[in-house]
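# A structural walkthrough
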Amino acid sequence: MSLESALQSLKRGEFVLLFDSAGRENEIDMVVAAEFVTPEHIARMRQHAGGLLCIAIDNNFAASLELQYMHEILSESSISNKEMIMGLAPYGDHPTFSLSVNHYQTYTGITDKDRSLTISEMAKIYNVENRQKKFASSFKTPGHVPLLIASKGLLAARQGHTEMSVYLAQIAGLTPVTAICEMMDAETYAALSVEKAEKFAKENGIPLVNGKELLEYAKVN
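Position numbers for residues start from 1 in each chain and track the written sequence from start to end. For this predicted model, a pLDDT threshold of at least 70 governs which residues receive local features, and a threshold of 80 or more governs which side-chain atom pairs are given and counted, while totals over whole chains, interfaces and linings are taken from all residues. To get the side-chain values, all heavy atoms of the structure are used, and hydrogens and water are removed first.

In the annotation of an unreviewed UniProt entry, the entry for the protein chain reads 3,4-dihydroxy-2-butanone 4-phosphate synthase, and the organism field reads Candidatus Nitrosopumilus sediminis. Under the UniProt heading Catalytic activity (unreviewed entry), the entry covering the protein chain gives this text: "D-ribulose 5-phosphate = (2S)-2-hydroxy-3-oxobutyl phosphate + formate + H(+)". UniProt positions are given in the numbering used here, feature names are shortened, and annotations may be inferred rather than shown by experiment.

Shown next as structure tokens:
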């Protein structure tokens, strides 16, 4: 079963490929549990995915850090061009973007070493007593790694890569913080197709989870 294989891979700090659905973004993301992220993970995501590398976090965790969605922050700001603020994306969901951050010990923030530090240190905050204070003292914004906040209720509310990856981490018994990156296709200049993703997964021994399978598991459990 691909889901069980994916959970075991996540627990070992390995990659999982995650497909949302043909009726949504229709994209494949490379996913790894943030607590295990190393510079090698970042390099592989750059080379084999190539999309936007983000940190997905649990909604309760985000609330404890006093984070808001970026569209909420902008709506409450003094900018006059509020018509620019994205409401619903073309596939029907609100975006999950919040702040973008760098860990304070990074230099430019964009290197494999810098981004791996930012991501792994973000996961560590989940287990500290005063999360908000530690977050504010450890990270700077704007930075090079966008934070994505999973919806309340996770898959019951929204079926995006943000929610699916956080849910995968949860059911694997890991910190509900993940690093995710969309897989792009340099031949078509579009998102990597499911067929090509399946081939890549097979050649590299990486489990590929279909969003439908994950939703069915969530309904049963």
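## What about unusual backbone geometry?
That bond from Thr 141 to Pro 142 is cis: its omega, 0 degrees, falls within 30 degrees of zero. Counting through the fold element by element, Pro 142 comes out in strand E5 (residues 139-149). With a phi close to 60 degrees, Glu 66 is a non-glycine residue in the positive phi region. Per the convention used, a helix needs a DSSP run of H or I reaching at least four residues, while a strand needs a run of E reaching at least two, with both numbered from the N terminus. Its location among the elements puts Glu 66 in the loop between helix H3 (59-64) and helix H4 (70-75). Here the term buried applies to any residue with accessible area under 20% of the maximum for its type, exposed to any over 50%, and partly exposed to those in between, with areas from a 1.4 Å probe on protein chains only. Judged by its relative accessible area of 62%, Glu 66 falls in the exposed class.

## Here we look at the side chain of Thr 162
Relative to the helices and strands, Thr 162 resides in helix H7 (residues 161-171). For Thr 162, a relative accessible area of 4% gives the class buried.

## Brief notes about the environment of Tyr 126
As for its placement among the helices and strands, Tyr 126 is situated in the loop between helix H5 (112-125) and helix H6 (131-138). Remark: the alpha-carbon pair of Tyr 126 and Met 183, spanning 57 residues in sequence, is separated by 27 Å. Filtering out sequence-adjacent residues up to four positions away, Tyr 126 remains in contact with Phe 61, Arg 131, Thr 175 and Pro 176. For this analysis, residues touch if any pair of their heavy atoms sits within 4.5 Å.

## Focus on the packing of aromatic side chains
Aromatic rings from Phe, Tyr and Trp, taking only the six-membered ring of Trp, are treated as a pair when their centres fall within 6.5 Å; an angle between ring planes under 30 degrees marks them as stacked, one over 60 as edge-to-face, and anything in between as tilted. For the structure on display, the rule yields three aromatic pairs. Seen from their ring centres, Phe 61 and Tyr 126 are 5.1 Å apart, and the 80 degrees between their planes marks the pair as edge-to-face. Of the two residues, Phe 61 sits in helix H3 while Tyr 126 sits in the loop between H5 and H6, which places them 65 residues apart along the sequence. You can call Phe 61 buried: its relative accessible area is 0%. For Tyr 126, a relative accessible area of 24% gives the class partly exposed. To sit over a ring, a charge needs its Lys NZ or Arg CZ within 6 Å of the ring centre and within 35 degrees of the ring normal. The residue whose ring lies beneath Arg 131 is Tyr 126, and the NZ or CZ to ring-centre distance is 4.4 Å.

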